[in-house]
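Report on the structure
Read off the chains here:
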Protein chains: 2
Amino acid sequence: MAGVHDLARNETGIATAIEVLRQRFGARLETGQALREQHAHTTTWLRNQPPDAVICPTSTEEVQAILGICTEYRVPVIPFGAGSSLEGHVNAPAGGISLDFKEMNAILAVHAEDMDCVIQPGVTRKALNTHLRATGLFFPVDPGADASLGGMAATGASGTNAVRYGTMKDNVLSLKAVLPSGEVVTTAQRARKTSAGYDLTRLMVGSEGTLGVITELTLRLQGIPEAVSAATCSFPDVGAACAAVIATIQYGIPVARIELLDALQVRAVNAYSKLTLPETPLLLLEFHGSEAGVAEQARAFGEIAQEMGGHGFTFTTREEDRNRLWQARHDAYWAGLQLRPGARGLSTDVCVPVSRLADCVSAAQDRLAAMGMLAPIVGHVGDGNFHCLLLVDTEDAAEVAQAEEFIGWLNELAISMDGTCTGEHGIGQGKAGYLERELGQGAMGMMQAIKRAVDPLNILNPGKMGLG
Amino acid sequence: MAGVHDLARNETGIATAIEVLRQRFGARLETGQALREQHAHTTTWLRNQPPDAVICPTSTEEVQAILGICTEYRVPVIPFGAGSSLEGHVNAPAGGISLDFKEMNAILAVHAEDMDCVIQPGVTRKALNTHLRATGLFFPVDPGADASLGGMAATGASGTNAVRYGTMKDNVLSLKAVLPSGEVVTTAQRARKTSAGYDLTRLMVGSEGTLGVITELTLRLQGIPEAVSAATCSFPDVGAACAAVIATIQYGIPVARIELLDALQVRAVNAYSKLTLPETPLLLLEFHGSEAGVAEQARAFGEIAQEMGGHGFTFTTREEDRNRLWQARHDAYWAGLQLRPGARGLSTDVCVPVSRLADCVSAAQDRLAAMGMLAPIVGHVGDGNFHCLLLVDTEDAAEVAQAEEFIGWLNELAISMDGTCTGEHGIGQGKAGYLERELGQGAMGMMQAIKRAVDPLNILNPGKMGLG
């Protein structure tokens, strides 16, 4: 399967490192098969490649010690958060040690006046926001899954409200990471702005555990808005919906979320969430601001939507109605799976300039129809990012081949439109074949030079991002 | 002077490279002393260290050719934009070739629907916004000077409206750069969001010409707001003004600009711009949005300001009044210099968490008073960044020593408050001594490893950022 092959294993090094680690960590070094498989890739059809052992470190010092040993014996180290990544990021194609951060889940500081917090990487998105509620602040990045924030940083995650609040790349102020040498790097101070040296924070965010192991994060926070409203509007076709998105953003309406569901996805959501939305392309929006502000934003969007041929515009500030709508959006994945019970879902992740979005989505729909494949589509359309959820019987080799053909075709199409094969899921193993096609030899060579300079023995999450 | 010393010159290499370059570029290779000095540092008291020759390339291919020759003969290359950098970034401490990008000033594409544009690095901020006016879009980063966008990217510039629109790090979508090998790197596609590989865009932005020579930029644009309003409010002391800033941002008021002028700076501005502002700490704000929106924002700020002891709150949407106020802010530097005719101005650039801003500004004022130094203060206080403009007779060695002592003391103070020695001016030569103290050996070692991997011969802007 694309990118998922085994790499040469350093058997003696792995055996020795496990012995040495057991002397230090005793029973905390776990090697049971079931546990090891849970710490490899489990979320899609990509093959599960378990590590040889799992340790849950409790401090930066323990991570330093483990990396010291793994460097000495040249053994791979694979950081593990919640295991919700989608491109095989946590697989161990050359074996090695999985570092599970679930015990490093402390919220170390909340600086309300500075609107930031300092946390350990095992804290999950929902746990952080629950902790913050009393402060009137929240962390905005929302990929759907209750991922660990360390994992979200490593993959450069984003989600439904990146259009307003940005991605992990915009919301990590600073981080601490351990290098293979065991050296600890602090990438920045806590000031909101800096021009002090290379931007190591942004280099680490999205590096998928291949440059360092994140042991602490300083995150920007946002004020919980005084008022939140939701709106929906149906459109005759994807082109009209995308035209409304473009106009909304050009007019500077600060939408917090603007999501597209295609007709098939709306049908799936209606069935799964007992809704009665018109089964045509739908835009689902959320507005954050003052009472007056959100009403004005929604009104302005309503006018744009009507110009673009939208119909059935609805607007609500009632929390239960909002939650029902957004719960339906969050359940889109499960709703999609119900279109074909027993099938596995595989999500594409292309992102294109917004002006090309309608062309890209429509071409994908036509191709899916021509191939006879079932794949509801949801999109973070304010960013030009959308997902086709391919529903595949992974026991059927022909279907698998067909799905891979489609994914490759769509990635190439997005690249040809000046877009990317991954807006938010990352490269991992699944997309390793597309990174050079997207960015060219120059960028690939520079990434490889950086990887070799920081991790000369290639022990940090090897076999990912096509960086060897 | 701190950081400004000569480095070993490769005399034979420089002589040979100049001969070879002259064969290709003829009279376009210029070596006149006056021109060379204009292409070295001229904006502060840092010593002028001219390059050996200046070339104005007209294409990426020419930059590749020049870098190929300079790599072959191990000759430094120093990229030059408008020469408005403040930390000796364009000095040539080891000699070498200055690449002046004034002829690479084409706007290659404006994608209005995608709200981005593709430009050559010699385009200045004002030239771009003049070109964009008809499209209803603008580029928001405003460092005051009419800098080149290539230079702004290289130094990670920002300015008065970063609090709303971010810095260069947030507004460069992608760039093209030539590496010492002559290889061209394209860091990203044009999509607004990507998780494809290491974030080379953000690594290059702020790298001060030490990793590659930027030859093309793709920039995010913003919609020109429907309405703009300005407000001013005076405060009894800096602490009250900072408390108002913190509350304003916590309440989520999307201020476009929020600037602090201390009492001395207000006095300077009154004298220079014929204004009658109360000579106490002043906040100067700008709001962007709809007619209703900017009025609501200003009203909300007015209430906060009053709570915090502000007085004389004024609010205007009249363009001429706004321009008068903001012109005064933009002239703050010249106004400050008039406090001591004949003196040179040297600007500090510390940035601290906003909760520490009042302490940091007050401590700076006390220290300046104790040292008997004249230094008006302006601050981009929404970001925690402020500048003391030290007015110094650079002929007086004692004054120079005193100023350097203050700058070092303030940098250390900011670092001790979890802040940075540079919010937006960069490290260059002037702050090279503070980078390691701020970020530690781990980060410094990682930056050096990256520098060596990308520029093994150290020909790209040597002697900057303390990277050898």
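Predicted model, so just to flag it, every value in this text is computed and none were measured.

Points about the packing of helix H9 (residues 238–250) of chain A against helix H14 (residues 357–371) of chain A
Residues and elements named next belong to chain A.
- Contact geometry of H9 with H14 gives a least axis separation of 9 Å together with a crossing angle of 155°. For the element pair H9 / H14, the angle class is roughly antiparallel. Once H9 is placed against H14, the crossing between them reads as right-handed. Side by side, H9 and H14 meet where Val238, Gly239 and Cys242 of the first sit next to Leu357, Ala358, Val361, Ser362 and Gln365 of the second.
- When its residues are assigned to classes, the contact of H9 with H14 shows 5 nonpolar, 3 polar and no charged.

Topic: the pattern of salt bridges
- Tallied over the full model, the rule gives 52 salt bridges over all chains.
- Of the charged contacts, one joins Lys193 of chain A and Asp383 of chain B as a salt bridge, the two residues approaching to 3.7 Å between their closest N and O atoms. Of this pair, Lys193 of chain A sits in the loop between strand S8 (184–186) and helix H8 (200–204) while Asp383 of chain B sits in the loop between strand S16 (377–380) and strand S17 (385–392), placing the two residues on different chains.
- By relative accessible area, Lys193 of chain A is classed as buried at 4%.
- A relative accessible area of 8% places Asp383 of chain B in the buried class.
- Between Arg367 of chain A and Glu405 of chain A there is a salt bridge; the shortest N-O distance is 3.0 Å. One end of the pair, Arg367 of chain A, is in helix H14; the other, Glu405 of chain A, is in helix H15 (residues 397–416), with 38 residues separating them in the sequence.
- Of the residues examined, Glu405 of chain A reaches a relative accessible area of 45% and is grouped as partly exposed.
- It is possible to trace a salt-bridge network through shared partners that takes in Asp114, Asp116 and Arg190 of chain A together with Asp418 of chain B.

Concerning a nonpolar patch on the surface
All names here are of chain A.
- A contiguous nonpolar patch, built from Tyr272, Tyr333 and Trp334 and spanning about 310 Å² of accessible area, is present on the exposed surface.
- Position of Trp334 relative to the elements: it lies in helix H13 (residues 332–337).
- We classify Trp334 as partly exposed; its relative accessible area is 46%.

Section: the confidence of the model for chain A
- Summing up the model confidence of chain A, the mean pLDDT is 96 and the portion of residues at 70 or higher is 99%.
- Overall fold confidence (pTM) sits at 0.97, and the ipTM for the predicted complex is 0.97.

Let's talk about the UniProt feature "domain: FAD-binding PCMH-type" (unreviewed entry) in chain A
- As annotated by UniProt and renumbered to match this structure, "domain: FAD-binding PCMH-type" (unreviewed entry) occupies residues 47–224 of chain A.
- End C-alpha atoms of residues 47–224 of chain A are separated by 41 Å, and the span's content is 23% helix alongside 24% strand.

What to know about the pairing of strand S3 (residues 97–100) of chain B
Residue and element names in this part refer to chain B.
- Because side chains alternate across S3, one face comprises the buried residues Ile97 and Leu99, and the other comprises Ser98 and Asp100, equally buried.
- For strand S1 (residues 53–55) and S3, the ladder comprises 3 bridges, and the chain directions are parallel. Looking at the pairing, Ala53 lines up with Ile97 of S3.
- Two strands pair when backbone bridges link them, and strand S2 (residues 77–80) and S3 are joined in this way by 4 bridges, in the parallel orientation. The residue bridging Phe80 from the neighbouring strand is Asp100, located in S3.

What to know about unusual backbone geometry
- If you check the backbone angles, Asp418 of chain A has positive phi at about 65° while not being a glycine.
- With respect to the helices, strands and loops of the structure, Asp418 of chain A is situated in the loop between H15 and helix H16 (435–454).
- Phi is positive for Met465 of chain B, close to 60°, though the residue is something other than glycine.
- Turning to its location among the elements, Met465 of chain B is positioned in the segment after helix H16 (435–454).
- Overall, the relative accessible area of 0% leaves Met465 of chain B in the buried class.

As for the interface of chain B and chain A
- Counting residues at the interface gives 81 residues for chain B, matched by 81 residues for chain A.
- A buried area of about 6200 Å², summed over both sides, lies between chain B and chain A, and 59% of it is on carbon and sulfur atoms.
- Looking at the side of chain B facing chain A, the largest losses of area belong to Lys193, Tyr198 and Met446 of chain B, adding up to 16% of the total buried there.
- Remark: the boundary between chain B and chain A carries 10 salt bridges.
- A salt bridge links Lys193 of chain A to Glu424 of chain B; the shortest N-O distance between them is 2.9 Å.
- Connecting chain B to chain A are 36 residue pairs in polar contact (both at pLDDT 80 or more).
- Elements with a contribution of two residues or more to the side of chain B that touches chain A: helix H7 (168–171), strand S8 (184–186), helix H8 (200–204), helix H9 (238–250), helix H11 (291–307) and H16 of chain B.
- Per element, the largest residue contribution to the side of chain B that touches chain A is 13 residues, and it comes from H16 of chain B.
- A per-class count over the side of chain B that touches chain A returns 34 nonpolar, 30 polar and 17 charged.

A word on the packing of aromatic side chains
All names here are of chain A.
- For the coordinates displayed, the defined rule picks out 8 aromatic pairs over all chains.
- For the pair Phe406 and Trp409, a centre-to-centre distance of 5.7 Å together with 35° between the ring planes defines the contact as tilted. With Phe406 and Trp409 both in helix H15, this residue pair falls 3 residues apart, about one helical turn.
- Looking at Phe406, the relative accessible area reads 0%, which means it is buried.

Some thoughts on the relation of the copies chain B and chain A
- Of the transformation placing chain B onto chain A, the axial shift is 0.0 Å and the rotation is 180°, giving an RMSD of 0.0 Å. One copy is carried onto the other by what is essentially a two-fold rotation axis.

Side note on the domain arrangement of chain A
Residue and element names in this part refer to chain A.
- What the domain assignment reports for chain A is domain 1 (104–223), domain 2 (227–333) and domain 3 (339–425).
- Relative placement of domain 1 and domain 3: their C-alpha centres are 29 Å apart.
- At the junction of the two partners, domain 1 supplies 8 residues and domain 3 supplies 6 residues.
- Carbon and sulfur atoms supply 46% of the area that domain 1 and domain 3 bury against each other, a total of about 460 Å² over both sides.
- When the area that domain 1 buries against domain 3 is broken down by residue, the three leading residues are Ser158, Gly159 and Val163, summing to 53%.
- Across the domain 1-domain 3 interface, the total number found is 0 salt bridges.
- At the junction of domain 1 and domain 3, the tally comes to 2 residue pairs in polar contact (both at pLDDT 80 or more).
- Residues belonging to the side of domain 1 that touches domain 3 are distributed by class as follows: 3 nonpolar, 5 polar and no charged.

Some words on the side chain of Ser98 of chain B
- Among the secondary structure elements, Ser98 of chain B is positioned in strand S3.
- Ser98 of chain B gets classed as buried once you look at its relative accessible area, which sits at 1%.

Cut-offs applied
Residues numbered from 1 in each chain as written. Chains lettered and ligands numbered in written order. Predicted model: local features only at pLDDT ≥ 70, side-chain atom pairs only at ≥ 80, totals over all residues. Heavy atoms only, no water. Axes fitted to C-alpha atoms, helices over the stretch in contact; angles between N-to-C directions. Helix = DSSP H or I, 4+ residues; strand = E, 2+ residues; numbered from the N terminus. Parallel < 35°, antiparallel > 145°, perpendicular 65-115°, else oblique. Left-handed = near helix turned anticlockwise from the far one by under 90°. Contact = heavy atoms within 4.5 Å. Nonpolar A, V, L, I, M, F, W, Y, C, P; charged D, E, K, R; others polar. Salt bridge = Lys/Arg side-chain N within 4 Å of Asp/Glu carboxyl O. Buried < 20%, exposed > 50% of the residue type's maximum accessible area, 1.4 Å probe, protein only. Patch = residues over 30% accessible without salt bridge, like charges linked within 9 Å, V, L, I, M, F, W, Y side chains within 5 Å. Areas by Shrake-Rupley, 256 points an atom, 1.4 Å probe, with all protein chains shown as cover. pLDDT = per-residue confidence, 0-100. UniProt positions renumbered as here; feature names shortened; annotations may be inferred. Pairing = 2+ DSSP bridges. Buried area = accessible area lost by both parts, 1.4 Å probe. Polar contact = N/O pair within 3.5 Å; in protein donor to acceptor, adjacent residues only side chain to side chain. Phe/Tyr/Trp six-rings, centres within 6.5 Å; stacked < 30°, edge-to-face > 60°. Least-squares fit on C-alpha atoms with pLDDT ≥ 70 in both. Domains from an automatic or database assignment.

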